Amino acid sequence: MAIKKYNRAVHLCFVWLVVSTALLQTSDGHSRKKRSLPQPCRNLVLYFHDVIYNGKNADNATSTLVGAPQGGNLTLLAGKDNHFGDLAVFDDPITVDNNFHSPPVGRAQGFYFYDMKNTFSSWLGFTFVLNSTDYKGTITFSGADPILTKHRDISVVGGTGDFLMTRGIATISTDAYEGDVYFRLCVNITLYECY
Amino acid sequence: MAIKKYNRAVHLCFVWLVVSTALLQTSDGHSRKKRSLPQPCRNLVLYFHDVIYNGKNADNATSTLVGAPQGGNLTLLAGKDNHFGDLAVFDDPITVDNNFHSPPVGRAQGFYFYDMKNTFSSWLGFTFVLNSTDYKGTITFSGADPILTKHRDISVVGGTGDFLMTRGIATISTDAYEGDVYFRLCVNITLYECY
Amino acid sequence: MAIKKYNRAVHLCFVWLVVSTALLQTSDGHSRKKRSLPQPCRNLVLYFHDVIYNGKNADNATSTLVGAPQGGNLTLLAGKDNHFGDLAVFDDPITVDNNFHSPPVGRAQGFYFYDMKNTFSSWLGFTFVLNSTDYKGTITFSGADPILTKHRDISVVGGTGDFLMTRGIATISTDAYEGDVYFRLCVNITLYECY
């Protein structure tokens, strides 16, 4: 699999997040009863790898279309309207680096669908099911994912185990892709509530 | 498009919410270790406009069916069983007033499905992606939406940007509709956690 | 309907949860700025009953497939790949005990899909819509559900009414099942934030 590489170092991922967080605290000009943002209690950078079923890769595929608009089919992402309406279910390996063949530390399980007609954009609902020496538990994410934006934030809405009731944000970036078959996402998770 | 108007002023929306919130604080007779409800830190009233694909309006449609039970089709909402099981993906314009043609301040992106056989009811998962002078960021919502009830509450489960990690509730009301093709929803968002 | 009974007493459900919670507080060896876990403010044990449409039980079914991968159909759960990709919408009765015929105290409304190819596993997004003397309001849940594990935790991500903005975890166990047609789930809900 000839994966395109974006040659972006992991530490850049970190630097960007700190700047972004600082901006978030001041970008709303309105004066309201705001709480001061607590220090992050935990930061994780993980990768997950989505291999989309295309009619020929049943053994290797980690995701598959299960819904599509009228006229679409479930084998290939619909060509028109930027895949608007295509709905996929996935069970992707999670790794601590950007190597598809690294030993997985868990699975990213959930769904996404393409949600815009005039550009590529998606919406995500998924859970990191982590089972390694360093972390055991789940983190659940939800939110809009404007794919073509370099860094996009989604919400951490809950967790279990090591991540019991955690909250925070996850900054997603597309680390690599190959056509409509392979996507590798870097997820920089910043948690503000840990128990 | 001849939209039915319900002639309900926006300020009524506010009054109802205050009364409702007061009731929520006292309606549970059981004595438990409850926290006192904090003052809301922010209130937004926004509208979004859902134009459902019906086989003829591909250019204007902002939502489309992508799943249906056996015997259903993806062009029209199934006539029997109150559309039970019909699943739609949407990308709807958000406006600050009830005019479909007002300049949008963002997009409501997500999905809903009809979830009852004996009445109209749905379940919603979606994100407000806001990008205006007043707000930049996302708010993610989730919950049951008993469509025929005048005001129904769903949960605000997270946010990013101006709405980083926000929590609260959103009171949804159907402000107008036209058959099975157009729905306009008023969303009164009360946030209790702002950073 | 000849339901298999697991003969597990409700109080066992409780004991397990207390032990589990204690472990959760110490299982993460890393030293970070953690908050101390507050006392639970509320505990509910409820059951819900999922009767899956199989082509013959349209009147009694409380859930139906609305999406499936290529080659699947919407009448029966796909036999291969552990139903991977099958997506169901449900509206299930909730009872306070394990009797399908007890008067329901609400409805469990939402969706699930099978999300693994090599074992039975699912992902859940749903809301308890409660309307009884004891509770009026909604609780929304989200997370991965590894079906074959005896007890699995998912996140409580929000609520309305009596459960305004609640958070916590829900421990799900399969209390009974009959083939691919009936599932009864015991949900032990522990809430840590109540208003």
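Going by an unreviewed UniProt entry, chain A carries the name Dirigent protein and comes from Picea engelmannii x Picea glauca. According to the UniProt record, the Sequence similarities (unreviewed entry) comment for chain A is "Belongs to the plant dirigent protein family."

Participant: Account for the pairing of strand β9 (residues 182-193) of chain C, with residues named and values stated.
Facilitator: Residues and elements named next belong to chain C. Most of β9 sits inside the fold, with 12 of its 12 residues counted as buried. One ladder, built from 10 bridges, connects strand β1 (residues 42-51) with β9; its direction is antiparallel. Within β9, the position partnered with D50 by the bridge is F183. Bridge count for strand β8 (residues 167-178) against β9 is 11 bridges, and the pairing is antiparallel. By the bridge assignment, A176 is partnered in β9 with R184. What sits between the antiparallel neighbours β8 and β9 is a turn of 3 residues, in which G179 has the positive phi angle 55°.

Participant: Explain the interface of chain B and chain A to me, using residue names and the numbers behind them.
Facilitator: Chain B puts 42 residues into the contact, and the matching count from chain A is 38 residues. With both chains or domains summed, chain B and chain A bury close to 3,200 Å², and 57% of this area falls on carbon and sulfur atoms. Considering only the side of chain B, the residues that lose the most area to chain A are B:L164, B:M165 and B:Y195, jointly responsible for 21% of the buried surface there. Between B:E193 and A:R35 there is a salt bridge, and its shortest N-O distance comes to 4.0 Å. There are 13 residue pairs in polar contact (both at pLDDT 80 or more) connecting chain B and chain A. Of all the secondary structure elements, the ones that give two or more residues to the side of chain B that touches chain A are β2 (63-67), β3 (87-95), β4 (106-114), β5 (122-131), β7 (152-161) and β9 (182-193) of chain B. Here the residues of the side of chain B that touches chain A sort into 19 nonpolar, 16 polar and 7 charged.

Participant: Requested: an account of the relation of the copies chain B and chain A, with residues and values cited.
Facilitator: It takes a turn of 120° to lay chain B on chain A, together with a shift of 0.0 Å along the axis; the resulting RMSD is 0.0 Å. Taken together, the rotation angle and the small translation identify this as a three-fold axis. Ranked by how close their C-alpha atoms come to the rotation axis, the residues of chain B are headed by B:G67, at 3.2 Å. The two copies present different faces, since only 14% of the interface residues in chain B are matched by interface residues at the equivalent positions in chain A.

Participant: Describe the interface of chain C and chain A, with residues and values.
Facilitator: Note on interface size: it is often stated as the accessible area lost on association of the parts. Facing the 38 residues of chain C at the interface are 42 residues of chain A. At the boundary of chain C with chain A, total buried surface from both sides reaches about 3,200 Å², with 58% on carbon and sulfur atoms. The three residues of chain C that bury the most area against chain A are C:R35, C:Q70 and C:R167, which together make up 21% of that side's buried surface. The tally of links between chain C and chain A comes to 2 salt bridges. A salt bridge links C:R167 to A:E193; the nearest nitrogen and oxygen atoms lie 3.7 Å apart. Our count for the chain C to chain A interface comes out at 13 residue pairs in polar contact (both at pLDDT 80 or more). Breaking the side of chain C that touches chain A down by element, the ones donating at least two residues are β4 (106-114), β6 (136-145), β7 (152-161), β8 and β9 of chain C. Ranked by residue count, the leading element in the side of chain C that touches chain A is β7(C), at 4 residues.

Participant: Explain the state of the cysteines residue by residue, including any values.
Facilitator: Residues and elements named next belong to chain A. Counting across every chain of the model gives 3 disulfides over all chains. Here C41 engages in a disulfide with C194; their sulfurs sit 1.9 Å apart. Residues C41 and C194 share a disulfide whose torsion about the S-S bond is about 75°; that sign makes it right-handed. Here C41, found in the loop between α1 (10-26) and β1 (42-51), pairs with C194, found in the segment after β9 (182-193); they are 153 residues apart in sequence, far enough to count as distant.

Participant: Can you lay out the packing of aromatic side chains for me, pointing to particular residues and giving the numbers?
Facilitator: Enumeration over the complete set of coordinates arrives at 56 aromatic pairs over all chains. Aromatic pair A:F90 and A:F126: ring centres 6.0 Å apart, planes at 50°, arrangement tilted. Here the residue A:F90 occupies a position in strand β3 (residues 87-95), and A:F126 occupies one in strand β5 (residues 122-131), the gap between them amounting to 36 residues. This pair shows no difference in class: A:F90 is buried, exactly as A:F126 is. Here the aromatic rings of C:Y135 and C:F163 are separated by 6.4 Å at their centres, their planes lie at 40°, and the arrangement is tilted. Within this pair, whereas C:Y135 is found in the loop between β5 (122-131) and β6, its partner C:F163 is found in the loop between β7 and β8, the two being separated by 28 residues in sequence. Like C:F163, C:Y135 is buried. Through a chain of ring-to-ring contacts, three or more aromatic side chains come together here, namely A:F111, A:F113, A:W123, B:F111, B:F113, B:W123, C:F111, C:F113 and C:W123.

The rules behind the values
Residues numbered from 1 in each chain as written. Chains lettered and ligands numbered in written order. Predicted model: local features only at pLDDT ≥ 70, side-chain atom pairs only at ≥ 80, totals over all residues. Heavy atoms only, no water. UniProt positions renumbered as here; feature names shortened; annotations may be inferred. Buried < 20%, exposed > 50% of the residue type's maximum accessible area, 1.4 Å probe, protein only. Helix = DSSP H or I, 4+ residues; strand = E, 2+ residues; numbered from the N terminus. Pairing = 2+ DSSP bridges. Contact = heavy atoms within 4.5 Å. Buried area = accessible area lost by both parts, 1.4 Å probe. Salt bridge = Lys/Arg side-chain N within 4 Å of Asp/Glu carboxyl O. Polar contact = N/O pair within 3.5 Å; in protein donor to acceptor, adjacent residues only side chain to side chain. Nonpolar A, V, L, I, M, F, W, Y, C, P; charged D, E, K, R; others polar. Least-squares fit on C-alpha atoms with pLDDT ≥ 70 in both. Disulfide = S-S within 2.5 Å. Phe/Tyr/Trp six-rings, centres within 6.5 Å; stacked < 30°, edge-to-face > 60°.

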